[in-house]
Amino acid sequence: AAGASPTLDAAAKWLGAGLPYGGLGVEERVAVLKALTDAYATSLGCASLVDEYAEARARRDAEHEADERDRKTREKEKEQEITRVVRARLLGEPLQPAEQQPAPAPA
């Protein structure tokens, strides 16, 4: 590994040659265990970041979908109000506030 300690380099060569872990000295074993621990911590940190990102994205997507539903509901309500006003004008009826109008029949 680039930039690794000479002790870790020696252990890597030893293990890379297929020689047993038990044949390493204490210093080499410690170097190998430290490298494995560091690699685990790094991969765990990356996995945590990926999980956090996925959760944030799911929240953002859910908020976007809710906003889109609200926008469509407001748009539909506005269209219904315009339809009511146009219908009243065409029929020559006086306009009443929307709250006093009967609910439209389901389509």
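By convention here, each chain's residues receive numbers from 1 onward along its written sequence. Where local features are concerned, this predicted model is filtered to residues with pLDDT of at least 70; where side-chain atom pairs are given and counted, the filter is 80 or more; whole-chain, interface and lining totals use all residues. Note: side-chain values were computed over all heavy atoms of the structure, leaving out hydrogens and water.

Segments assigned H or I by DSSP are reported as helices when at least four residues long, segments assigned E as strands when at least two residues long, and all are numbered from the N terminus. The helix and strand inventory of the chain stands at 2 helices and 0 strands. Burial here depends on accessible area, computed with a 1.4 Å probe over protein chains only, as a share of the maximum for the residue type. Under 20% is buried, over 50% is exposed, and the range in between is partly exposed. For the chain, with 107 residues in total, the buried portion stands at 8%.

A word on a nonpolar patch on the surface. Each patch is built from residues that are more than 30% exposed by relative accessible area and take part in no salt bridge. Like charges join if they lie within 9 Å; nonpolar side chains (Val, Leu, Ile, Met, Phe, Trp, Tyr) join within 5 Å. Methods summary: accessible areas were calculated by the Shrake-Rupley approach with a probe of 1.4 Å, and residue burial reflects only the protein chains presented. Take a side-chain nitrogen of Lys or Arg and a carboxyl oxygen of Asp or Glu: if they are within 4 Å of each other, that pair is a salt bridge. On the surface, a cluster of nonpolar side chains totalling about 350 Å² of accessible area is made up of L15, Y21, L33 and L36. Checked against the element boundaries, Y21 lands in the loop between α1 (6–16) and α2 (26–91).

Another aspect to go through is the nonpolar core. One recurring pattern in soluble globular proteins is that nonpolar side chains are buried together. If you look at the biggest cluster of nonpolar residues, it comprises 5 residues: L8, A11, L24, A31 and V32. Secondary structure elements with two or more residues in this core: α1 and α2. Not counting residues within four places of it along the chain, the set of residues in contact with L8 comprises A31, V32 and A35. Only buried residues count toward a nonpolar core. Its members are Ala, Val, Leu, Ile, Met, Phe, Trp, Tyr and Cys residues joined through side-chain atoms within 4.5 Å. Whether two residues touch is decided by their heavy atoms; if any such pair falls within 4.5 Å, the residues are in contact.

In short, geometric facts, not functional conclusions.
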